[in-house]
Amino acid sequence: MNPIKALIRLTGVFLLLLGATQHNGHQASASEPKMDYWFIETLKAGGLELPAGVDILASDPSLQPRGFFVLENKTEIPLYVMSLSYKAVLVMTTPDPNWKSRVNGAHEAASFIAVPGRSAYLDMAALTDLDQNLVDRNVLSSAPPPDNQSIPAVQSSELLLVYADQVIEVPFTLTYSLNTHFDSGSLSSTQPGLNVQATGIAGSTSTQQAEALAEREARETFLVVGLVGITILAVSGWLVWRSLNRSR
C-alpha cells in the first residue's frame, strides 16, 4: 500500500476513535442521576452585638438548600472559631488565674480563623464538627422525598469565638423546610432579601466545579490527541523506513 494513503487511513481511524471516546464520555456524564437535598436549611444567628468590623453572614435558602455561615473580619485582630469542646475552659462566671493564658493561646487550638481578605466559611460539615451534638439531618438522594416525609426538628447550637481577650458565644438555630424545587437545578434567585456577600461564595462553588470539569475534559482530550500524534509519528517513521529499505 502507498505509505501516504496508509498514513491518511490510520489518521482517520484515530480521529474516529477520538470522537467516539469524547461522545461516550459526554453520554456517561449525561446519564448520571441527578442528586438533590430533600430539605432546605435555614441558619439564623442570634442578635448578639459583635465587635466593629466583624460580621456573620448566613446563606440565603432561596438560592441553595444547604446552609452555611461566612465570618468576615475587617480588623487587624484575628477572629478565632473554636470547637465547643473548649467551652468549659473558656467560658466561666469567675475566670481562674490561667484563663488569660488559655484565651491568648486560642490560636493554637482554633478550628478556623477569619482575618482581612480571608473569611471563615462554615458549612454543615464544619458546624457539626464544631458541635458534636449538632446533626446533619438532610438527605442527598436521586429520588424525591416521600409524600409523608416528616420535617426534621429545629436544632440549636452556638459559635464559640475568641477575639483579642474576648470570648464570644453566638447562638444560632438550624431549621428545615421541604425542598419543593427538588431536582430542578438552581433555586430562584429573584426573591427579595438576598445576601450578596454570603451567596456569592455559593455561586463560586458551582463555578469552580464547572471549571474543574472543563479542565479535566481538556486534559483528557490533550492526552488522547498527544497519544494519537505520537502514534502517527511512529507509524510514519516506520513507513518511511520501510519505503527506503524497499528502494535499496
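Residues numbered from 1 in each chain as written. Predicted model: local features only at pLDDT ≥ 70, side-chain atom pairs only at ≥ 80, totals over all residues. Heavy atoms only, no water.

(A) Quick look at the overall build of the chain. Of regular secondary structure, the chain possesses six helices and ten strands. Looking at the chain as a whole, 29% of its 248 residues qualify as buried. A separation threshold of at least 6 residues defines the contact pool for the chain, and within that pool the share at least 24 residues apart is 73%. When the accessible area of the chain is evaluated, it comes to approximately 15,200 Å², of which 58% is carbon and sulfur surface. (Helix = DSSP H or I, 4+ residues; strand = E, 2+ residues; numbered from the N terminus. Buried < 20%, exposed > 50% of the residue type's maximum accessible area, 1.4 Å probe, protein only. Contact = heavy atoms within 4.5 Å. Areas by Shrake-Rupley, 256 points an atom, 1.4 Å probe, with all protein chains shown as cover.)

(B) Representation of the sheet that holds strand β4 (residues 69-73) within the structure. Strand order in the open sheet made by the three strands is β3-β4-β7, with antiparallel pairing throughout. Two strands close off the open sheet at either side, each with one partner strand: β3 (54-58) and β7 (120-122). Neighbour-to-neighbour, the strand axes of the sheet open up by a mean angle of 15 degrees, direction not taken into account. As paired elements, β3 and β4 share five bridges and run antiparallel to each other. Its bridge partner being in β4, Asp55 is matched across the sheet by Glu72. (Pairing = 2+ DSSP bridges. Axes fitted to C-alpha atoms, helices over the stretch in contact; angles between N-to-C directions.)

(C) Just the packing of aromatic side chains, in detail. The tally for this structure, following the rule as stated, stands at four aromatic pairs. Ring centres of Trp38 and Phe39 lie 6.4 Å apart, and the angle between their planes is 80 degrees; this geometry places the pair in the edge-to-face category. Residue classification places Trp38 among the buried residues on the basis of a relative accessible area of 14%. Taking the relative accessible area as the measure of exposure, Phe39 reaches 1% and is therefore buried. Here the aromatic cluster, defined as three or more aromatic residues joined through ring pairs, consists of Trp38, Phe39 and Tyr176. (Phe/Tyr/Trp six-rings, centres within 6.5 Å; stacked < 30°, edge-to-face > 60°.)

(D) Geometry of the side chain of Arg66. Residue position: Arg66 is located in the loop between β3 and β4. Judged by its relative accessible area of 18%, Arg66 is buried. Here the side chain of Arg66 touches Asp136 through a polar contact of 2.8 Å, side chain to side chain. (Polar contact = N/O pair within 3.5 Å; in protein donor to acceptor, adjacent residues only side chain to side chain.)

(E) Representation of the sheet that holds strand β2 (residues 39-45). Across the sheet, which stays open at both edges, the five strands sit in the order β2-β10-β9-β5-β6 with antiparallel pairing between neighbours. For this open sheet the edge positions go to β2 and β6 (112-114), each flanked by a neighbour on one side alone. Ignoring strand direction, the axes of neighbouring strands in this sheet form an average angle of 30 degrees. In this structure, β2 lies alongside strand β10 (residues 166-178), joined through seven bridges in antiparallel fashion. Residue pairing in the sheet places Leu43 in a bridge with Leu174 of β10.

(F) Focus on the nonpolar core. By size, the foremost hydrophobic cluster in this structure holds 26 residues, and its most contacted members are Phe69, Leu71, Leu122, Leu127, Leu159 and Leu161. Elements represented by at least two residues in this core include exactly β2, β3, β4, β5 (79-82), β7, α5 (124-130), β9 (155-163) and β10. No other element matches the five residues that β10 contributes to this core. Once you skip the residues sitting within four places of it in the chain, Leu161 turns out to touch Ile56, Leu71, Leu79, Tyr80, Val81, Gln166, Val167, Ile168 and Val170. The next biggest cluster of nonpolar side chains, apart from the first, holds nine residues, and it includes Leu84, Trp99, Leu160 and Val162. (Core = buried A, V, L, I, M, F, W, Y, C linked by side-chain atoms within 4.5 Å.)

(G) Quick look at unusual backbone geometry. Positioned with a positive phi, Ala164 is a non-glycine residue whose angle comes to about 55 degrees. Position of Ala164 among the secondary structure elements: in the loop between β9 and β10.

(H) Fine view of the pairing of β4. Most of β4 sits inside the fold, with five of its five residues counted as buried. Here β4 shows a buried face lined by Phe69, Leu71 and Asn73 and a second buried face lined by Val70 and Glu72. Alignment of β4 against β7, held across three bridges, turns out to be antiparallel. The residue of β7 that forms the bridge with Phe69 is Leu122.

(I) Layout of the pattern of salt bridges. Enumeration over the complete set of coordinates arrives at six salt bridges. Close ionic contact of Glu158 with Lys87 constitutes a salt bridge, the shortest N to O distance being 2.6 Å. Taken as a pair, Glu158 in strand β9 and Lys87 in helix α2 (residues 87-90) lie far apart in primary sequence, 71 residues in all. Residue Glu158 is classed as buried on the basis of its relative accessible area, which comes to 17%. Relative accessible area serves as the criterion here: at 29%, Lys87 is assigned to the partly exposed category. (Salt bridge = Lys/Arg side-chain N within 4 Å of Asp/Glu carboxyl O.)

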